[in-house]
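Chain by chain, the residues:
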Amino acid sequence: MVIQRRKTREIDLGGVKIGGSNPVVVQSMTSTKTRELEKTLEQINSLYRAGCEIVRVAVPGEEDVEALEEIVKKSPMPVIADIHFRPDFALKSMERRAHGIRINPGNIGDEGKVREIVEEARRRRVVIRIGVNSGSLEKDLLEKYGSPTAQALAESALRWSEKFEKWGYTNFKVSIKGSDVLTCVEANKIFAQQTDIPLHIGITEAGFGESGVIKSSVGIGILLYLGIGDTLRVSLTGNPVEEVEVAYQILGSLGLRKRGVEIISCPTCGRIEVDLPKVVKEVKEKLKGVEKPLKVAIMGCVVNGPGEAKEADWGLACGKGRAVLFKKGKVVKTVREEEMVKALLEEIERELKD
Ligand code: SF4
């Protein structure tokens with residue numbers, strides 16, 4: 001089965017194409033103080049190595065605006081300046097060559113200021129993301145709907161989109177985010193049904209560790225399954241590199257993007273013949289950073305093991321004290337338990353070198 005993606009217009013953000021028939025673009029955001037140039041660039045480079053394609057940096061103060069020019073110059077990928085409340089920072093960020101800016105028109109305050117930002121973005125061919133957020137919805141919509149409902153969020157996004165277009169600017173995308181998964185999904189659905197504007201998707205403030213990953217995967221997964229989403233960010237508390245890894249796992253599980261190693265392992269049961277969690281952890285750790293899409297199956301016994309291991313690029317079907325190593329469905333050899341991980345890794349390494 002292939003997901004039918006919503007037809008959207010294509011925009012170009014610093015050379016990265018979003019929307020149209022382009023793959024879903026993976027974004028993340030630095031967690032460093034933007035003004036700390038060295039640390040920020042270091043994190044941007046780590047994100048890039050993990051597969052991030054567009055990076056956003058927070059611009060809360062003058063010193064962060066000042067740092068932007070150097071960051072844009074040295075970043076290996078397009079940079080978006082994240083602006084809240086300060087229209088002057090949006091204008092200055094564009095002056096400092098940010099490829100994109102993210103604003104929440106609802107908190108810029110004055111429509112005239114928003115228009116000024118839009119005019120400047122049009123002049124400089126900068127992409128704007130209209131970021132509608134449940135935490136900062138316009139007052140009149142809150143009064144109309146009583147709370148930030150899906151309809152209210154979608155209406156806010158549609159309202160600003162119409163204004164941008166009326167002002168002759170179409171080089172923008174929209175995000176509608178909330179920490180409540182269902183509201184967020186519904187709001188994106190309503191918006192998507194009415195426009196061809198590219199959507200940046202994500203669940204904001206998804207949380208820490210496992211719960212953040214689950215919440216993001218469910219919300220983003222539903223939207224992607226519905227064909228919605230041209231670019232995405234998985235928001236997690238912690239190291240943003242993890243956001244990129246999770247993003248590719250979500251995209252990979254839906255067949256939308258492939259990058260890195262996908263490890264398939266059985267849930268284990270009473271037939272288990274080996275310390276499978278230890279083996280999987282070791283293989284996962286050793287293959288971290290591999291960019292080539294590879295499916296590696298590690299199975300705990302001979303019942304389902306050989307079948308599953310055969311379906312993957314590489315497979316280990318563990319038996320009592322030994323394991324069968326497969327390559328694309330064909331038996332390569334039988335190895336002793338103590339040597340199986342080493343044997344698997346050596347074969348994969350050889351393939352990666354070819
Ligand atoms: S592969 Fe074997 S050990 Fe793993 S869950 Fe299946 S039957 Fe149990």
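These numbers were taken from a predicted model, which means no experiment stands behind them.

A few words on the overall build of the protein chain. A tally of regular secondary structure across the protein chain gives 13 helices and 15 strands. Within the protein chain, the fraction of its 354 residues that count as buried is 52%. Within the protein chain, contacts between residues separated by at least 24 positions form 62% of all contacts whose residues are at least 6 apart in sequence. Within the structure as shown, the protein chain displays about 16,800 Å² of accessible surface, and the carbon and sulfur contribution to it stands at 49%. Distance between charge centres in the protein chain, computed from 56 positive and 52 negative side chains, equals 3 Å.

This brings us to the packing of aromatic side chains. Scanning all chains against the criterion turns up 4 aromatic pairs. With a centroid separation of 5.3 Å and 70° between ring planes, the pair formed by Phe-164 and Phe-172 is classed as edge-to-face. When its relative accessible area of 0% is taken as the criterion, Phe-164 is described as buried. Centre to centre, the rings of Tyr-169 and Phe-172 are 6.0 Å apart; their planes meet at 20°, and the pair counts as stacked. As far as the burial class goes, Tyr-169 and Phe-172 line up, both buried. Put simply, the rings of Phe-164, Trp-167, Tyr-169 and Phe-172 pair up and form one aromatic cluster. The ring of Phe-172 carries the charged tip of Arg-9 above its face, separated from the ring centre by 5.7 Å. Arg-259 extends its terminal NZ or CZ atom over the ring of Tyr-248, reaching a point 5.6 Å from the ring centre.

On to the site of the ligand. Lining the immediate surroundings of the ligand are Cys-266, Pro-267, Thr-268, Cys-269, Arg-271, Ile-272, Gly-300, Cys-301 and Asn-304. For the shell around the ligand, the residue count by class is 5 nonpolar, 3 polar and 1 charged.

The next point concerns the sheet that holds strand E14 (residues 322-327). Spatial strand order, E11-E12-E13-E14-E15: 5 strands in an open sheet with mixed pairing. Pairing within the sheet leaves two strands with one partner each, and these edge strands are strand E11 (261-265) and strand E15 (330-336). Strand-to-strand, the axes of this sheet are offset by a mean angle of 15°, without reference to chain direction. Packing of helix H13 (residues 340-353) onto the sheet brings it into contact with strand E12 (294-299), strand E13 (314-318), E14 and E15, and relative to E13 it is tilted by some 170°.

This part is about the UniProt feature "binding site: [4Fe-4S] cluster" (unreviewed entry) in the protein chain. As annotated by UniProt and renumbered to match this structure, "binding site: [4Fe-4S] cluster" (unreviewed entry) occupies Cys-266, Cys-269, Cys-301 and Glu-308. Of note, Cys-269 is situated in the loop between E11 and helix H11 (276-286). On the basis of relative accessibility, which here comes to 37%, the residue Glu-308 falls in the partly exposed class. Among residues more than four places away in sequence, those in contact with Glu-308 are Ala-297 and Met-299.

One can describe the packing of helix H9 (residues 209-225) onto helix H10 (residues 240-253) by two numbers: an axis separation of 10 Å at closest approach and a directional angle of 40°. Our classification of the angle between H9 and H10 gives oblique. Between H9 and H10 lies a crossing of right-handed hand. Contacts from Val-213, Ser-216, Ser-217, Ile-220 and Leu-224 in H9 reach Glu-242, Val-246, Ile-250 and Leu-251 in H10. Tallied by class, residues from the contact of H9 with H10 come to 6 nonpolar, 2 polar and 1 charged.

The rules behind these values
Residues numbered from 1 in each chain as written. Predicted model: local features only at pLDDT ≥ 70, side-chain atom pairs only at ≥ 80, totals over all residues. Heavy atoms only, no water. Helix = DSSP H or I, 4+ residues; strand = E, 2+ residues; numbered from the N terminus. Buried < 20%, exposed > 50% of the residue type's maximum accessible area, 1.4 Å probe, protein only. Contact = heavy atoms within 4.5 Å. Areas by Shrake-Rupley, 256 points an atom, 1.4 Å probe, with all protein chains shown as cover. Lys, Arg positive; Asp, Glu negative; His and termini not counted. Charge placed at Lys NZ, Arg CZ, Asp CG, Glu CD. Phe/Tyr/Trp six-rings, centres within 6.5 Å; stacked < 30°, edge-to-face > 60°. Lys NZ or Arg CZ within 6 Å of the ring centre and 35° of its normal. Near = heavy atom within 4 Å. Nonpolar A, V, L, I, M, F, W, Y, C, P; charged D, E, K, R; others polar. Pairing = 2+ DSSP bridges. Axes fitted to C-alpha atoms, helices over the stretch in contact; angles between N-to-C directions. UniProt positions renumbered as here; feature names shortened; annotations may be inferred. Parallel < 35°, antiparallel > 145°, perpendicular 65-115°, else oblique. Left-handed = near helix turned anticlockwise from the far one by under 90°.

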